[in-house]
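What follows is each chain in one-letter form.
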Amino acid sequence: MDLTALTIHELRRRLVRREVSVTEVVRRYLERIEALDPRVNSYVKVMADEALEEAARYDRGEKDLEGPPLAGVPLSVKDVLCTRGIRTSCGSKILENYLPPSDATVIEKLKASGAVLLGKTNMDEFAMGSSTESSAFGPTRNPWDLDRVPGGSSGGSAAAVAADLCAGSLGTDTGGSIRQPGSFCGVVGLKPTYGRVSRFGLVAFASSLDQIGPITKDVRDAALLLHVVAGYDRRDSTSVDLPVPDYPECIREPVDGLRLGIPREYFVEGMHPDVLSRVRQAIETCRELGGEVVEVSLPHTAYGVAAYYIIAPAEASSNLARYDGVKYGTRASDARELAAMYRETRSRGFGPEVKRRIMLGTYVLSAGYYDAYYRKASQVRTLIRQDFLDAFQTCDALLTPVVPTPAFRVGEKTGDPLQMYLSDVFTLPASLAGIPGISVPCGFTSEGLPVGLQILGPHFREDLVLRIARHFEEAAGFSRRKPDLCA
Ligand code: GLN
């Protein structure tokens, strides 16, 4: 098997046994990126020299290859995570020259665990989107069909993992941006509970929703990466001071006897028939594994899209005020006076989707509209959260589709933002509620496009979500299939 197709845990075994050197592995990845990424466009920056230097340190015996859990493992990270001295663009022209003064907490943790950073992955501008088409650096393509989108906003990370252009990646999920690209690209994507992973050094989109999580080739790798990055951080006041379970260990426990809820609102008309049938089949597999399947109701599901697309833009409009050419952002230096400088900086620096969100956000927060929109949406958010808390009284976890359709075509939804927003219908509610969710591959459509199963759990029960996903994955076996591109 090609080295680049290995999971993190498989690669670690070979590295520790010295069957292969870190330099060899890094070189293989760099060659593959050079050969394939011009077609996929999953990276906005490849850190070849840095990665090779780091690899050499391992191979010269200067760094410990045995102890740290990710020693010698080449990973990528979404370009919304600050990397010291390395451009962090957030897929935006306004940050095309931004060099962060420090690393995000998760980057520090990856480095401390021995990971080798291969590069930064493409994304929708400021993580606003579901297709990676709003990137200022061109769209990323889906490795399973280059005419289709990889999903978004962490589309670069998901495509890079699917095409074996890295061993694993970190993405971010505000309303589905890890799970949805995971589903579209046939890889595993986990959004942790809000507060589980420090957001320090994550460039903010919607601060009450943003979470960082792993995108990997299998569930064991997701458990491993989450274990590395999770935990309290005094630099993020919303990170929660709870012990972090040993995820790679807990996922071994069996799943029989668990009550698995099937929310009826997630099986609606208009879904792609193959998505419906693959998810139904997956539910059957979980039943065969010993789970008890029960029907539940999450009655406020239908209001998730409307609530999210008020709350997220509201927070975004406030967070993005800092890109004014003075505090942050490439300044329009030809402007003659201050107001013109602000106007030109923001007009030239932001793309159309980001501008749309800023306008929506400032509108719903403005005097006279705040009560009708923002406050109302916040109330709906509480109802959605309560739906989940009620459901978890009668079941341990929920099984749902991730997206109503498989990956759509490049350009198919760019002219119609509402259609783009509606495709988030099954991922937004868990984000609004702050609960953890995973997307795990559960089959393919008749056209050969991947389909994901979403498993949602109660707050801080990533262990449970991962455990169910792991057993499902072993029984179903879809995570090992590779797109033709990689042949
Ligand atoms: N698609 C959603 C949006 O456009 C979610 C994005 C995300 O999770 N970052 O806002």
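Presented here is a report on the structure given in the accompanying data block. (Residues numbered from 1 in each chain as written. Predicted model: local features only at pLDDT ≥ 70, side-chain atom pairs only at ≥ 80, totals over all residues. Heavy atoms only, no water.)

## So, helix H13 (residues 371–394)
Counted at 1.5 Å a residue, the expected span for H13 with its 24 residues is 34 Å, and the 34 Å between its end C-alpha atoms agrees. Every buried residue of H13 is listed here: Tyr374, Ala377, Val380, Arg381, Ile384, Asp387, Phe388, Ala391 and Phe392. Residues of H13 that are buried sit in contact with helix H10 (304–319), helix H12 (352–365), strand S9 (397–401), helix H15 (428–433) and strand S11 (450–456). (Helix = DSSP H or I, 4+ residues; strand = E, 2+ residues; numbered from the N terminus. Expected span 1.5 Å × (residues − 1). Buried < 20%, exposed > 50% of the residue type's maximum accessible area, 1.4 Å probe, protein only. Contact = heavy atoms within 4.5 Å.)

## Here's the deal with the side chain of aspartate 387
Tracing the backbone through its elements, the reader meets aspartate 387 in helix H13. Here aspartate 387 sits buried without a salt bridge, and the closest side chain of opposite charge, arginine 264, lies 11 Å off (N-O distance). Within the structure, aspartate 387 has its side chain in polar contact with the backbone nitrogen of histidine 300 (distance 2.7 Å). Not counting chain neighbours up to four residues away, the residues in contact with aspartate 387 comprise Leu298, Pro299, His300 and Thr301. (Lys, Arg positive; Asp, Glu negative; His and termini not counted. Salt bridge = Lys/Arg side-chain N within 4 Å of Asp/Glu carboxyl O. Polar contact = N/O pair within 3.5 Å; in protein donor to acceptor, adjacent residues only side chain to side chain.)

## Description of the site of the ligand
Residues in contact with the ligand amount to 15 residues; listed here are only the nearest, Thr174, Gly175, Ser177, Tyr308 and Arg357. Alanine 127 places a main-chain nitrogen or oxygen 2.9 Å from a nitrogen atom of the ligand. Separating an oxygen atom of the ligand from a side-chain N or O atom of tyrosine 308 is a distance of 2.7 Å. Coverage of the ligand by the protein amounts to 100% of the 290 Å² it exposes when considered alone. If you map the ligand onto the pockets, it falls in the largest cavity. Considering only residue class, the shell around the ligand consists of five nonpolar, seven polar and three charged. (Near = heavy atom within 4 Å. Areas by Shrake-Rupley, 256 points an atom, 1.4 Å probe, with all protein chains shown as cover. 1 Å grid on protein atoms, 1.4 Å probe; cavity = no way out; pocket = protein on both sides within 12 Å on 5 of 7 lines; lining within 4 Å. Sits in = over half its atoms within 2 Å of the grid points. Nonpolar A, V, L, I, M, F, W, Y, C, P; charged D, E, K, R; others polar.)

## Re the sheet that holds strand S7 (residues 259–263)
Taken together, 11 strands build an open sheet; the order of strands is S1-S3-S2-S4-S6-S5-S10-S11-S9-S7-S8 and the sheet is mixed. Each edge of the open sheet is held by one strand with a lone partner, namely strand S1 (43–46) and strand S8 (292–296). Here the strands of the sheet are splayed against their neighbours by 30° on average, with no regard to which way each runs. Strands in contact with helix H5 (residues 155–162) are S1, strand S2 (74–78), strand S3 (116–121), strand S4 (168–173) and strand S6 (211–216); relative to S4, the strand with the most contacts, it is inclined by about 155°. (Pairing = 2+ DSSP bridges. Axes fitted to C-alpha atoms, helices over the stretch in contact; angles between N-to-C directions.)

## Digging into the layout of surface pockets
Estimates place the volume of the largest pocket at around 310 Å³. Along the wall of the largest pocket there are 18 residues; nearest its centre are Cys82, Gly201, Val203, Arg322 and Tyr328. Split into classes, the residues belonging to the lining of the largest pocket amount to 11 nonpolar, four polar and three charged. Approximately 270 Å³ is the volume attributed to the second largest pocket. The set of elements that each furnish at least two residues to the lining of the second largest pocket consists of H12 and helix H14 (417–422). When grouped by side-chain class, the residues that make up the lining of the second largest pocket number six nonpolar, seven polar and six charged. (Points joined across faces, edges and corners; volume = space filled by probe spheres on them.)

## Observations concerning a nonpolar patch on the surface
Together, Val326, Leu338 and Tyr342 line one region of the surface with nonpolar side chains, adding up to about 270 Å² of accessible area. Along the chain, the position of valine 326 falls in the loop between H10 and helix H11 (338–349). (Patch = residues over 30% accessible without salt bridge, like charges linked within 9 Å, V, L, I, M, F, W, Y side chains within 5 Å.)

## Observations concerning helix H7 (residues 219–229)
Across the 11 residues that make up H7, a large majority, nine, are buried. Val219, Asp221, Ala222, Ala223, Leu224, Leu225, Leu226, Val228 and Val229 are the residues of H7 that are buried. The backbone nitrogen of arginine 220 has a side-chain oxygen 3.4 Å away, supplied by the residue at the start of H7, namely aspartate 218. Backbone geometry just after H7 places glycine 231 at a positive phi near 125°.

## Focus: the nonpolar core
Soluble, globular proteins show a tendency: their nonpolar side chains are buried together. Grouped together as the largest cluster of nonpolar side chains are 151 residues, with contacts concentrated most on Leu110, Phe126, Phe388, Ile455 and Leu466. Per element, the largest residue contribution to this core is nine residues, and it comes from H10. Those residues in contact with phenylalanine 388 that sit more than four places away from it in its chain are Tyr266, Leu298, Leu398, Pro429, Ala430, Ala433, Ile435 and Leu456. (Core = buried A, V, L, I, M, F, W, Y, C linked by side-chain atoms within 4.5 Å.)

## Structural notes on empty space enclosed by the protein
In total, this model carries four cavities of 30 Å³ or more according to the counting rule given. Roughly 90 Å³ of volume is contained in the largest cavity. Lining the largest cavity we find 16 residues, and of these Gly129, Ser130, Ser177, Tyr308 and Asp424 sit closest to its centre. Class assignment of the residues belonging to the lining of the largest cavity gives a composition of six nonpolar, eight polar and two charged. Classifying every residue of the lining of the second largest cavity by side-chain character gives five nonpolar, two polar and four charged.

## Comments concerning the pairing of S7
Along any regular strand, the residues point their side chains to alternate faces of the sheet. Of all five residues in S7, four are buried; the element is thus mostly enclosed. By the bridge criterion, five bridges tie S7 to S8 in an arrangement that is parallel. By the bridge assignment for S8, glycine 261 is matched with valine 294. The parallel pair S7 and S8, bridged by helix H9 (residues 273–288), forms a crossover whose chirality is right-handed. Here S7 runs beside S9; their pairing, made up of two bridges, is parallel. Across the sheet, the residue bridging to leucine 260 is alanine 397, located in S9. (Right-handed = clockwise from strand over helix to strand, strands pointing away.)

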